[in-house]
Every structure is written in structure tokens, then in C-alpha cells.
Amino acid sequence: DFSKAMSQAGTSQFQEVIRQELEYSMKVELDKILATASSNELEHAKKDLEGFKKLFHRFLQEKGPSVDWGKIQRPPEDSIQPYEKIKARGLPDNIASVLNKLVVVKLNGGLGTSMGCKGPKSLIGVRNENTFLDLTVQQIEHLNKSYNTDVPLVLMNSFNTDDDTKKILQKYSHSRVKIYTFNQSRYPRINKETLLPIAKDVSHSGENTECWYPPGHGDIYASFYNSGLLDNLIGEGKEYIFVSNIDNLGATVDLYILNHLMNPPNGKRCEFVMEVTNKTRADVKGGTLTQYENKLRLVEIAQVPKAHVDEFKSVSKFKIFNTNNLWIALSAIKRLQEKNAIDMEIIVNPKTLDGGLNVIQLETAVGAAIKSFENSLGINVPRSRFLPVKTTSDLLLVMSNLYSLNAGSLTMSEKREFPTVPLVKLGSSFTKVQDYLRRFESIPDMLELDHLTVSGDVTFGKNVSLKGTVIIIANHGDRIDIPAGALLENKIVSGNLRILDH
């Protein structure tokens, strides 16, 4: 046992030496990169690389999945409240004064590359020519006009989306919404083999575009604080932010949740509220809320030991997942940020660059900070508050007659008999937005659709109706044109079908 203990001590000593060497090499490389910054870039680059250095230090300290599976428990009953209970409290007469304490923050760092678009994802048209950003501004403008309030919109951009977003913001200069932006950090990608940055200087254009990345939305706390905007908003009397992904079309300001935050029934305010919703088979990978060491904690699939992944995915044990709609107290962010006390697990995101180089990105998730805040709460909201558009399959749903658009908000049509959304799977011919738009002369009637699968070279004519389960498969080299006015109900269509104009 003595020799075993000695060899273990030797191993950990050896690992410590390697860790120190890696950290030193990283510091040397980062100093070289910083030395290339011009005087007006220096302050910014310094802050970014300091933040990255802290993250890298923590990355070297952590071993294996960051949760001890044995300690994970179901959250206590009262820690996740049903939305119905919160809504049942009604609204106070002075809802305007409550709204005036709110700031809406949208995470706007993502590009539309997965849907074949260049530029910010928020500028993709989703409904009647309106982009994600248009709909967001319309929603807040409607609030401000209805209640005579001043709810501002804050966009967290990344270096990828900042220029294009700022250009477009001029179009809202006459709308009744104050719009602010700040940028999340810019961190260097790391070579997977050497664990050193692949960037040689601070520039991030041209050849250097691939050397840098925005480090996930967990970066919001530090960036918001560092930008000075957090202090300004506190100075204006704002108390809470409502944070959500800009591509989640269900994430509108909910007055009942806001009232619950500002006027808690037990008199003790929550610093952090996470909206969760019930899992369906499509959501098995979403992060879930658990009880861990007497705190609410978000556990993501990447943190789960391999042996327990199936258990994590099971709908019976973990019934809910995080929608990433979060309500957070501004004063708490300031307090924790100043104490350097926001603790978020590191997500290691491996990527292969165009040239074949394997790199890793160190990221964090905004919801993971829940355990650092006092008196956190989960609210189990209706599924309608989670309507993300990640693919053209999602886009088809929100463009269709399943939803009606009113003041920037989408609501499920009353003509649909059941509240669930159809399962839509469009094949690779539809992945890019421009290809997808070319394949639909008009969006089909989907009010009575349960399931749609489309694969291969398929086009849809005008005024097509889809009902029940519809599967359309064009084999390689074949093409299927669904004729204008066609009604497909519980049908499988395969082979070749060309409609010729005559």
C-alpha cells in the first residue's frame, strides 16, 4: 500500500509539473499575441486574453466529467414551480412599474452557417420577410406602447455578428425601443495536440478568422459587466434581465413570471429563474435541472459520465430540460462578478478546421451559473415558450399556418386540434435556406399534420395540404414534384414523379 501511495503521489506530482509547463507555455504564446495589438486594440485584447487564461487554468485543473453521478438527486418539489400556479396569482394594477425594471437580453452571437447563410443568424427571414431581430423589436415595441413603458433591448453580439448587426440597427432608429449592444469575448482556439493557441497575432480577419471563437453564452456575465452596460442599467433603476436565444421564437416577455420575481409570494426574491419545459423524444440531449450538493444545478449531456448517458436521456427520470429562457437579477450579477464567484463548468468543444487541423474551444453555458445565485427557481413553462429555429425543418413549422403572427409573437393557430407540434424531418437537399425556399412554391397547409419526412430531390407546388403522416422519398437520381393543390394524407410517396407544364 505504501508503494502504491508513493507511485500515486509521484503520478500526481508529475501531472502537476506538466500542468505548470503547459500553463507557462500558454502564457508565453498569449504574451506574443498581445504584443501584436495596436494601442487602440490593446485594452480589449488584454481583457479577452486574461479571461481566456483563467478558463484555461481551470481546464487544466479539471479531470473527467465534472459531476459525481452518485450525488445527483431529483430537485425538491418546491424548487420547480408549475407555470399555472404562477399565472394563477394574476397581475397587479401597477404592471407598468414592474415592466420598467426589466431589460430584455438576446444572445446574438451565432452565424447562420448551419442553414447555409452568411452573416448573423438573427437576420434570416422567418415569417413574412421578418427576421428574428425584426420580430424581437416588434414584441418589445408592442409592450412599450401597450403599457407606456421603457423596456430596452440588449444584444450580446460576437465579433462574428457585431458589424452586420450594427449596420441593420439603423432601421429601428424610429421604433419605440432603445437598443444597446455589447460584445462577448474573443478567445483563441487551441491546437488539440499541443494545447497551444493557433493564432499568431490579434487580427481576426482573412486567414485568421478560424483562429478565434466566441466562448459560448456563459461569457455573458463577464462581458456584460466589463462593457459598463450592466452598471449603466442598474443606474437607470433596472433590476432584472430576461435572457434568451434570439432564435427561440417562443421566448417573449412573460408578465406573470416577471410579477412573480418582483413581488414574490414569500417576500424573498429569486436571483435566478430558469424556465424549463417537459421533455419529448426530440429533446433527449437538453440540459436538465437537478439537485446537487443542496443547490439547483444544470447538468448538460457533456458532463455526464459515459456509463450514465442513457439514464440521463431517459424521459422518465429527467422529465424536464432547460429552455435557456432565464431571468436574472442585475445586482446579483454585479456582486458575483466582483467577487469572481460565478462558477460554470467548462464545455470542451472539439472542432476540425477546413484544413483538417483538430482544435478545441473552451466554452461555458449561461444557465450553468444557476448554482452560484441565491434562491434560484425553476419554472415549468408550456412548450410554446420553446420554439427554436435551428434548421430549415424548424423554419417550415414557423412559416406555416400552424402559427399566426401578432405584434412580433407567434401563437399556435386555434384551428389546430392538438397543441403538439408536428415532427418534421427535411433531408439534406433542404439544409440551406435558399435551397429550401426554392423547393416550396408556397408553404403547405400543415394544420392537421403529425409527421413529415422528406428525402431527396423533392419540390412542392402551390397550395399543397399535408395531413397525418406523410413520407416522401425520391431515390438517388429520381425527382418528385408534388403538384399544386395536392392533398397528401397518411401517404408514402416514392419513386419518380415529374409534373410537366403543357
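What you see is a predicted model; the values in this text were computed from it and never measured.

Caption draft 1: Structural context of the layout of surface pockets. Space inside the second largest pocket adds up to approximately 840 Å³. Lining the second largest pocket are 33 residues, and of these Gly51, Tyr187, Ala222, Asn226 and Gln337 sit closest to its centre. Sorting the residues of the lining of the second largest pocket by element identifies α2 (39-61), β6 (179-183), α7 (220-226) and α11 (330-338) as the ones contributing at least two each. A class-by-class count of the residues in the lining of the second largest pocket yields twelve nonpolar, 14 polar and seven charged.

Caption draft 2: Spatial organisation of the side chain of Thr165. Within the element layout of this structure, Thr165 appears in helix α6 (residues 162-169). The class of Thr165 is buried, set by a relative accessible area of 0%. Setting aside residues no more than four positions away along its own chain, Thr165 makes contact with Asn108, Pro120, Leu155 and Asn157.

Caption draft 3: Highlighting the UniProt feature "binding site: substrate" (unreviewed entry) in the protein chain. With numbering matched to this structure, UniProt assigns "binding site: substrate" (unreviewed entry) to His217. For His217, a relative accessible area of 26% translates into the label partly exposed.

Caption draft 4: Fine view of the packing of aromatic side chains. Within the structure shown, the criterion is met by 14 aromatic pairs. A centroid spacing of 6.0 Å and a plane angle of 70° characterise the contact between Trp69 and Phe318, whose relative ring orientation is edge-to-face. One end of the pair, Trp69, is in the loop between α2 and β1 (80-82); the other, Phe318, is in the loop between α10 (309-313) and β14 (320-329), with 249 residues separating them in the sequence. Assigned by exposure class, Trp69 and Phe318 land together as buried. Ring geometry for Tyr221 versus Phe373: centroids 6.0 Å apart, planes at 45°, classification tilted.

Caption draft 5: Expanded view of the nonpolar core. Counting residues in hydrophobic clusters, the biggest one holds 107 residues, and the most contacted among them are Ile220, Tyr221 and Phe460. By residue number, the principal contributor to this core is helix α5 (residues 132-147), which donates six residues. The two domains that each donate at least three residues to this core are domain 1 (69-385) and domain 2 (392-494). Sequence-distant contacts of Tyr221, defined by excluding residues within four places in its chain, comprise Phe272, Ile328, Ile333, Gln337, Ile342, Met344, Val366, Ala369 and Phe373. With 27 residues, the next largest nonpolar core counts Met26, Ile33, Phe52 and Leu362 among its residues.

Caption draft 6: Fine view of the pairing of strand β13 (residues 295-299). Of all five residues making up β13, four are buried, and the element is well covered by its neighbours. Adjacent in sequence and paired antiparallel, strand β12 (residues 288-292) and β13 are bridged by two residues, among which Glu293 carries a positive phi angle near 50°.

Caption draft 7: Highlighting the pattern of salt bridges. Applying the stated criterion to the full structure yields 26 salt bridges. Across the pair Arg58 and Asp343 runs a salt bridge whose closest N-O atoms are separated by 4.0 Å. Placement of Arg58 in helix α2 and of Asp343 in the loop between α11 and β15 (347-352) is noted, with a sequence separation of 285 residues between them. Taking relative accessible area as the criterion, Arg58 reaches 26% and is therefore assigned partly exposed. In this structure Asp343 comes out as partly exposed when scored by relative accessible area, which is 38%. For the salt bridge of Lys167 with Asp164, the shortest nitrogen-to-oxygen distance reads 3.9 Å. Of this pair, Lys167 and Asp164 both sit in helix α6, three residues apart, which is roughly one turn of that helix. The class for Lys167 is exposed, based on a relative accessible area of 58%. A relative accessible area of 30% places Asp164 in the partly exposed class. Each of Arg58, Arg297, Asp343, Glu345 and Lys371 takes part in one network of salt bridges that share partners.

Caption draft 8: How the structure looks around the domain arrangement of the protein chain. Here the protein chain is described as being made up of domain 1 (69-385) and domain 2 (392-494). Put simply, the middle of domain 1 and the middle of domain 2, counted by C-alpha atoms, are 30 Å apart. With 16 residues of domain 1 in contact, the opposing surface of domain 2 contributes 16 residues. Roughly 1,200 Å² is buried in total at the junction of domain 1 and domain 2, and carbon and sulfur atoms are behind 62% of that figure. A per-residue breakdown of the area domain 1 buries against domain 2 is headed by Met115, Arg127 and Leu249, which together make up 44% of the total. Viewed at the interface, domain 2 and domain 1 are joined by zero salt bridges. For the interface between domain 1 and domain 2, the tally reads five residue pairs in polar contact (both at pLDDT 80 or more). Secondary-structure elements contributing two or more residues to the side of domain 1 that touches domain 2 are β3 (125-127) and α5. The class makeup of the residues in the side of domain 1 that touches domain 2 is six nonpolar, nine polar and one charged.

Caption draft 9: Quick peek at the sheet that holds β14. Pairing is mixed in the open sheet, where eight strands are placed in the order β1-β17-β11-β14-β10-β2-β5-β6. Edge positions in the sheet fall to β1 and β6, since each of these pairs with one other strand and no more. The average undirected angle you get between the axes of adjacent strands in this sheet is 25°. Inspection of the sheet shows strand β11 (residues 272-278) paired to strand β17 (residues 377-380) by four bridges, in the parallel sense. The partner of Val276 across the bridge, within β17, is Asn380.

Cut-off values and rules
Residues numbered from 1 in each chain as written. Predicted model: local features only at pLDDT ≥ 70, side-chain atom pairs only at ≥ 80, totals over all residues. Heavy atoms only, no water. 1 Å grid on protein atoms, 1.4 Å probe; cavity = no way out; pocket = protein on both sides within 12 Å on 5 of 7 lines; lining within 4 Å. Points joined across faces, edges and corners; volume = space filled by probe spheres on them. Helix = DSSP H or I, 4+ residues; strand = E, 2+ residues; numbered from the N terminus. Nonpolar A, V, L, I, M, F, W, Y, C, P; charged D, E, K, R; others polar. Buried < 20%, exposed > 50% of the residue type's maximum accessible area, 1.4 Å probe, protein only. Contact = heavy atoms within 4.5 Å. UniProt positions renumbered as here; feature names shortened; annotations may be inferred. Phe/Tyr/Trp six-rings, centres within 6.5 Å; stacked < 30°, edge-to-face > 60°. Core = buried A, V, L, I, M, F, W, Y, C linked by side-chain atoms within 4.5 Å. Domains from an automatic or database assignment. Pairing = 2+ DSSP bridges. Salt bridge = Lys/Arg side-chain N within 4 Å of Asp/Glu carboxyl O. Buried area = accessible area lost by both parts, 1.4 Å probe. Polar contact = N/O pair within 3.5 Å; in protein donor to acceptor, adjacent residues only side chain to side chain. Axes fitted to C-alpha atoms, helices over the stretch in contact; angles between N-to-C directions.

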